[in-house]
Structure formats: structure tokens, C-alpha cells
Amino acid sequence: GTERRRRKLPTSDILKSIIPAREWTEGGVKWTQVPSATPATRLDVINLQEQLDSELRNRRARDSGVCPVRQELYAQTFDELIREITVDSPERGVLMLRVRDDLRQTINAYRTMFESSIAFGTRKAVESEQGKEDLDERLKQA
């Protein structure tokens, strides 16, 4: 068969496409931070874990249940792991990005269902209370 050749993108281009540059202004100076293409060492990974644990404590993230602080910190850590994996293996990094995006989509769907169920339950409770008041009024009249 014929062999298809793919043009291999530089790792830095792949990183830029999956982790956008961060821009901010500080003291009247505009700063831009781009993802590093430097491979992570074993010590970098250990430091990342320690930094995550420290931030979880400092920001008082809950250990269980829904916790926006914990969710944000784990999302940042996962993005850094995707960056590290992409530097070593761009194909794996892109796959991890797909997994991350699917998980976020699933969590958002669950969040929407939860919010809808809360609204439904509240509506039913109000209707029930109104029905009870109507029944009490009819009993008083009888």
C-alpha cells in the first residue's frame, strides 16, 4: 500500500495550540507567558505534587464533595501534566488533551443535570405547599 507521510509539527507549535499563551499587564508592562518546551525532570514532578498539596491546604480545599477550589487546582495540575507529556510525546499529549476535554464536558453535563433537578425539586415543593394550603382552606370551609 501507499504510505502517507504526515508533516511533523514542532513540539512548541503543538504546545501553543493546546495551551494558549497567557497575557497580563502589571505595572504598565504587558507580559506574555508561553508554555515551556523544556522536559520535566523527576524533581519537577515531585515539586508539582508538593505545590498541589500545599495549595490545597492553603486555600482550604475540601477533601470530598463538590469543591470549586480543589477542582481548579487539579485542573491546573492536569494541564501541567499534559504539557509535560506533550514535550516527551506530542501524540500522547494530544490524546491526554482529548481525555481532559471529554471529562470536562461530562462534568458540565452532570452539573447541568444537578441544577435542573434542584430547580425541579424546588418547583415541586412550592406546588406541594400551595396544594396543602388549598386543602387546609377547603377543610376549614367544610
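The rules behind each value
- Residues numbered from 1 in each chain as written.
- Predicted model: local features only at pLDDT ≥ 70, side-chain atom pairs only at ≥ 80, totals over all residues.
- Heavy atoms only, no water.
- pLDDT = per-residue confidence, 0-100.
- Helix = DSSP H or I, 4+ residues; strand = E, 2+ residues; numbered from the N terminus.
- Contact = heavy atoms within 4.5 Å.
- Axes fitted to C-alpha atoms, helices over the stretch in contact; angles between N-to-C directions.
- Parallel < 35°, antiparallel > 145°, perpendicular 65-115°, else oblique.
- Left-handed = near helix turned anticlockwise from the far one by under 90°.
- Nonpolar A, V, L, I, M, F, W, Y, C, P; charged D, E, K, R; others polar.
- Patch = residues over 30% accessible without salt bridge, like charges linked within 9 Å, V, L, I, M, F, W, Y side chains within 5 Å.
- Areas by Shrake-Rupley, 256 points an atom, 1.4 Å probe, with all protein chains shown as cover.
- Salt bridge = Lys/Arg side-chain N within 4 Å of Asp/Glu carboxyl O.
- Buried < 20%, exposed > 50% of the residue type's maximum accessible area, 1.4 Å probe, protein only.
- Pairing = 2+ DSSP bridges.
- Phe/Tyr/Trp six-rings, centres within 6.5 Å; stacked < 30°, edge-to-face > 60°.
- Lys NZ or Arg CZ within 6 Å of the ring centre and 35° of its normal.
- Lys, Arg positive; Asp, Glu negative; His and termini not counted.
- Charge placed at Lys NZ, Arg CZ, Asp CG, Glu CD.

1. Overview of the confidence of the model for the chain
Across the chain, the average pLDDT comes to 87, with 94% of residues at 70 or higher. Ranking the elements of the chain by mean pLDDT puts helix α1 (residues 11-18) last with 82 and helix α2 (residues 42-58) first with 96. Counting contacts from residues 1-5, a segment whose pLDDT is below 50, to residues more than four positions away or on other chains yields zero contacts.

2. Observations regarding the packing of α1 against helix α3 (residues 68-88)
Contact geometry for α1 and α3: axes closest at 9 Å, N-to-C directions at 155°. Judged by the angle between their axes, α1 and α3 are roughly antiparallel. Every pair of crossing elements has a handedness; the one defined by α1 and α3 is right-handed. Between α1, through T11, I14, L15 and I18, and α3, the contact on the second element is made entirely by I82, R83, T86 and V87. Of the residues contributing to the contact of α1 with α3, the split by class is five nonpolar, two polar and one charged.

3. Observations concerning a nonpolar patch on the surface
Where nonpolar side chains cluster on the molecular surface, the patch consists of L95, V99 and L103 and spans about 250 Å² of accessible area. Note on placement: L95 falls in helix α4 (residues 90-141). Relative accessible area serves as the criterion here: at 48%, L95 is assigned to the partly exposed category.

4. With respect to the pairing of strand β2 (residues 29-33)
Here strand β1 (residues 22-26) runs beside β2; their pairing, made up of five bridges, is antiparallel. Pairing of R22 across the sheet is with Q33, part of β2. Where β1 folds back on β2, the antiparallel hairpin that results is connected by two residues, among which G27 adopts a positive phi of roughly 60°.

5. Description of the packing of aromatic side chains
According to the stated counting rule, one finds one aromatic pair in the structure shown. Consider the rings of W24 and W31, whose centres lie 6.5 Å apart with planes at 15°: the pair is stacked. Owing to a relative accessible area of 27%, W24 belongs among the partly exposed residues under this scheme. The ring centre of W24 lies 4.4 Å from the NZ or CZ of R22, which sits over that ring.

6. A look at the packing of α2 against α3
Contact pair α2 / α3: the axes reach a minimum separation of 10 Å and the direction vectors enclose 170°. Of the possible angle classes, the one that applies to α2 and α3 is roughly antiparallel. Residue-level inspection shows V45, L48, L52, E55 and L56 of α2 in contact with α3, the latter providing R70, L73, Y74, T77, E80, L81 and E84. Tallied by class, the residues present in the contact of α2 with α3 amount to seven nonpolar, one polar and four charged.

7. Let's talk about a negative patch on the surface
On the surface, E129, E133, D134, D136 and E137 cluster together into a negatively charged patch. Among the secondary structure elements, E137 is positioned in helix α4.

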